[in-house]
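# Residue-level structural notes
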Amino acid sequence: MPRVLHWFRGDLRIHDNPSLYAASQQPESDLLTCFIVSPDQWQRHDESAAKLGLVKQQVNALQESLQRLGIPLYLVRGSDFNEEADLICQLLAQLHCDQLNFNEEYGFNERKRDRRLVERLQALGIRVNRYRDQSIAPVGSVLTQEGRPYTVFTPFKKRWYSLLTTFDSAPLPAPSRRAHPIKQPAVDLAVWHAVQTRETTFIAGEVNAHHRLATFIDDHLPAYDQQRDFPALDGTSQLSPYLATGILSGRQCLHQAFQLRPHTANPSGIDCWISELIWRDFYIHILYHFPDVSRHRAFKPETEQLHWQGEGRAFDAWCQGKTGIPIIDAAMRQLLQTGWMHNRLRMICAMFLTKNLFVDWRLGERFFMRHLVDGYLPANNGGWQWSASTGTDAAPYFRIFNPISQSEKFDPQGRFIRHYIPELAFRRDKDIHLPLERPIPGCLYPLPIVDLKTSRQHAIDAFKALGRTDRSSDQRQTTQSDLFRSLND
Ligand SMILES: Cc1cc2nc3c(=O)[nH]c(=O)nc-3n(C[C@H](O)[C@H](O)[C@H](O)COP(=O)(O)OP(=O)(O)OC[C@H]3O[C@@H](n4cnc5c(N)ncnc54)[C@H](O)[C@@H]3O)c2cc1C
């Protein structure tokens, strides 16, 4: 009997999984699945203990769901991407499979790995089927009239909507139980040895993800546009950890939102949320068309000439939530304590690090990846390059958020600040946003490490001084991005 192997990677679900579903539609074949535990590679890609904790829990949950369907999941211990290709070849031989299925991934190294693997398997006469899964609009499908990728969000979104009926965005069902079930292999917990994990409030399982999605849609989606910017409210879905690990797909989210739309008098909350899902698609498309962004390169090459600060006291204070700017510190403490941070705060913290402290955005990007439970390369890189004004459709360099006015606007009573900085709980609402002017006896909260006004001006001057460099004639020698690349490749 022919045998198909589906390789789980960033698609840790059985529902709406194009590759798994297609493999299950071959009734004449046996269906097997595998997952590679790669601690070295994960460390090199700065995957956080919080995210890996969720991944580990989810792989266990998958094993149980697949068992009910009579589909075995083989866990294999690997180290890096080069080895993963060897392991897949060995596994295919060991399990007597003659076909490999997987959903594509778009990071630079992931694509190199898959290209080499496909060449090897083709030479061995093994069929390989790859599927486009990560974004709602398949990568490569949203192009300008001239066939070029979009680099600005609004026209991308317009085109995305105009093509919506052409994408197959209806979620796929889970495979049905196999006519000839195969027993699960014995679980070897040793494969997880050396993988650092951490528990968060995000619990794995497709059922849990769908429950969160349904609750959000019923209780919060209609008012999403009014509430999403206030970190003290439960105004956003907090589905990002599920989307980042593939426990949930963008198509499933879109489908649920569309179900509600005809029954809503004012769909502005729904449309605003769909727009965020399209931002996710936009950044996946950017990574696909410009893979250099996953190699620590600024999207705008001229910004590589900026003399960013490196690690040091300012960066350390930011990492620890001890900058003396209350909203920044509260946000960074939320990240450290929960593994998650509200979107508005991600923007404020990233802009503060890159503009007021003038620290290299790549350091912030890496720190976020190392701590976020939803660390996701396209969105994290996109968000950092947006905030640093180095990216595609980025914030103009002269439009720098003032963290204090952002705090006054989006946390008016200081509820969020008080929760994460109990040292400041005694302050009045109107003062809670402000840095301390002098030490207060008995209060351990630090004085501000930077003057917001002069540091803002310094950033503007530095950007103003940049010359323009053409992307194609980019002749840089050793730059900060090269240094990062050699560390992480
Ligand atoms: C500096 C910075 C770093 C970021 N790093 C990440 C990251 O590592 N992983 C990540 O998933 N998102 C990242 N984002 C985007 C955004 O902050 C999070 O997706 C969002 O806060 C997740 O919360 P939520 O699930 O409640 O979002 P909701 O508001 O409910 O949005 C629904 C989903 O849409 C997607 N989404 C929302 N906003 C964005 C956005 N601006 N860009 C891309 N996708 C978006 C997410 O998948 C999110 O779960 C980053 C943003 C910034 C500014």
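Residues numbered from 1 in each chain as written. Predicted model: local features only at pLDDT ≥ 70, side-chain atom pairs only at ≥ 80, totals over all residues.

For the rest of this paragraph, the subject is the sheet that holds strand S5 (residues 127-131). Read across the sheet, five strands follow the order S3-S2-S1-S4-S5 without closing on themselves; strand pairing throughout is parallel. Looking at the sheet topology across the chains shown, the edges are occupied by strand S3 (73-77) and S5. Going from strand to strand, the sheet's axes swing by 25 degrees on average, the running direction of each strand aside. With five bridges joining them, strand S4 (residues 99-103) and S5 adopt parallel strand pairing. When the sheet's bridge partners are listed, phenylalanine 102 is paired in S5 with arginine 130. (Pairing = 2+ DSSP bridges. Helix = DSSP H or I, 4+ residues; strand = E, 2+ residues; numbered from the N terminus. Axes fitted to C-alpha atoms, helices over the stretch in contact; angles between N-to-C directions.)

To continue, consider the packing of helix H4 (residues 81-94) against helix H5 (residues 108-123). Close contact between H4 and H5 brings their axes to 9 Å; oriented N to C, the two are set at 30 degrees. With respect to their mutual orientation, H4 and H5 come out roughly parallel. As for how H4 packs across H5, the hand of that crossing is right-handed. Contact residues: H4 offers Phe81, Glu84, Ala85, Ile88 and Cys89, while H5 offers Asn109, Arg113, Arg116, Leu117 and Arg120. The class makeup of the residues in the contact of H4 with H5 is five nonpolar, one polar and four charged. (Parallel < 35°, antiparallel > 145°, perpendicular 65-115°, else oblique. Left-handed = near helix turned anticlockwise from the far one by under 90°. Contact = placed C-beta atoms within 7 Å. Nonpolar A, V, L, I, M, F, W, Y, C, P; charged D, E, K, R; others polar.)

Another point: the site of the ligand. Among the 28 residues in the neighbourhood of the ligand, the closest are listed as Thr236, Ser237, Asn343, Asn380 and Gly383. Secondary structure elements with two or more residues in the shell around the ligand: helix H9 (240-245), helix H11 (268-289), helix H14 (343-356) and helix H16 (377-387). By residue number, the principal contributor to the shell around the ligand is H16, which donates six residues. For the shell around the ligand, the per-class residue count stands at 13 nonpolar, 10 polar and five charged. Each of domain 2 (134-169 + 201-289) and domain 3 (295-488) gives at least three residues to the shell around the ligand. (Near = placed C-beta within 6 Å. Domains from an automatic or database assignment.)

So, on to the domain arrangement of the protein chain. Each domain of the protein chain was delimited in the assignment, giving domain 1 (3-133), domain 2 (134-169 + 201-289) and domain 3 (295-488). The C-alpha centroid of domain 2 is placed 25 Å from the C-alpha centroid of domain 1. If you look at the interface, domain 1 gives 16 residues, while domain 2 gives 19 residues. Each residue belonging to the side of domain 1 that touches domain 2 can be placed in one class, and the counts come to six nonpolar, four polar and six charged.

Let us now look at the environment of leucine 73. Along the polypeptide, leucine 73 turns up in strand S3. Overall, the presence of 21 C-beta atoms within 10 Å leaves leucine 73 in the buried class. Between the C-alpha atom of leucine 73 and that of leucine 100, which follows or precedes it by 27 residues, the distance is 14 Å. Residue contacts for leucine 73: discarding those within four places in its chain leaves Thr33, Cys34, Phe35, Leu62, Gln63, Leu66 and Gln184. (Buried ≥ 20, exposed ≤ 12 C-beta atoms within 10 Å, placed from the backbone.)

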